[in-house]
Structure formats: C-alpha cells, structure tokens
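# Remarks on the overall topology
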Amino acid sequence: FATRDMSTGQQADQSWFLPVKQQTVLADGTRFETFFGGSDWQTRVVELAPEQTGGLQAGDIVASYIATSEVLDDRTTIADILTREQQNGTEQLTFAVMRDGSLWVANLSLVAEAN
C-alpha cells in the first residue's frame, strides 16, 4: 500500500505483512494452529482436551505423522491427516513433535471424535 503526504504530494510505498494462521479444532476441543514460520508452514498444538493423555502438550510443533512419514509442511496437512485417519477408523495417531528444541513422540486419540 502507499501513503501520500497531502501537503507535498509525495507518495511512500509500504509493505505490510499479515501473518496467516489457520486453526484446526477437533470436536473434543483439541486445537491446532498452522502458521507460516518464516520459510515453511508449522503446526502448533494450542489446546488439548482433558481426555487427551497421549503425550501431546500445548506448544508442541507437530513435525510429522509417523504412520505415513508425512511431514506437516503445508497449511492443510494436519486437517488432511485428521480427516483421512478418522474416515479410516484410526483411533490413535502418533506424531513426531518438536518440544523445547528436542524431538519427541506423542499420540493423539481420535476415539472421542467417533462419538
């Protein structure tokens, strides 16, 4: 966009970058946020339902879905995986997550989603 100084008529072009964030929310309240993190898309666990006891923690960056070796590097990858696996009847999903600079393995239950 541009701004113009009405007294001098000079125009100054400006760049304005807005962060793009996409939320994926499960029926149990578990919530993920996908955002563009500088050079690639990242998906962060924002909130977990109390019944989710598979090791995911709020703040985890979900790196990959272990069962299919899918890297979460697109804005819709988490939603695509969750939708597909729920349709396939998968009850437990295992992810590689980044937490405090280390790689961890954590599970997510979709059993509550089937109800």
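Here goes a summary of the coordinates provided. It should be emphasised that the depicted structure is a prediction, and the values quoted were computed from it without experimental measurement.

The rules we used
Residues numbered from 1 in each chain as written. Predicted model: local features only at pLDDT ≥ 70, side-chain atom pairs only at ≥ 80, totals over all residues. Heavy atoms only, no water. Patch = residues over 30% accessible without salt bridge, like charges linked within 9 Å, V, L, I, M, F, W, Y side chains within 5 Å. Areas by Shrake-Rupley, 256 points an atom, 1.4 Å probe, with all protein chains shown as cover. Salt bridge = Lys/Arg side-chain N within 4 Å of Asp/Glu carboxyl O. Lys, Arg positive; Asp, Glu negative; His and termini not counted. Charge placed at Lys NZ, Arg CZ, Asp CG, Glu CD. Helix = DSSP H or I, 4+ residues; strand = E, 2+ residues; numbered from the N terminus. Buried < 20%, exposed > 50% of the residue type's maximum accessible area, 1.4 Å probe, protein only. Core = buried A, V, L, I, M, F, W, Y, C linked by side-chain atoms within 4.5 Å. Contact = heavy atoms within 4.5 Å. Phe/Tyr/Trp six-rings, centres within 6.5 Å; stacked < 30°, edge-to-face > 60°.

## Details of a negative patch on the surface
Residues Asp40, Asp73, Asp74 and Asp80 make up a contiguous surface patch of negative charge. Summarising the element assignment, Asp74 is placed in the loop between β7 (70-71) and α1 (77-87).

## Side note on unusual backbone geometry
In the Ramachandran plot, Ser69 falls in the positive-phi region, its phi being about 60 degrees despite a non-glycine side chain. The residue Asp100 is not glycine, and still its phi comes out positive at about 50 degrees. Its relative accessible area of 78% is what places Asp100 among the exposed residues.

## So, the nonpolar core
Counting 16 residues, the largest nonpolar core has Phe32, Leu56, Val62, Leu82, Leu93, Phe95 and Leu108 as the members making the most contacts within it. Looking at this core, the elements that each hand over two or more residues are β6 (61-65), α1, β8 (92-99) and β9 (102-109). Once you skip the residues sitting within four places of it in the chain, Leu56 turns out to touch Phe32, Val45, Leu48, Val97, Arg99, Ala106, Asn107 and Leu108.

## Observations regarding the packing of aromatic side chains
On inspection of all chains with the given rule, the structure shows two aromatic pairs. Judged by centre distance (5.4 Å) and plane angle (75 degrees), the ring pair of Phe36 and Trp41 falls under edge-to-face. The class of Phe36 is partly exposed, set by a relative accessible area of 44%. Judged by relative accessible area, Trp41 falls into the buried class, the value being 18%. Ring centres 5.4 Å apart and planes at 45 degrees place the aromatic pair Tyr65 and Phe95 in the tilted group.

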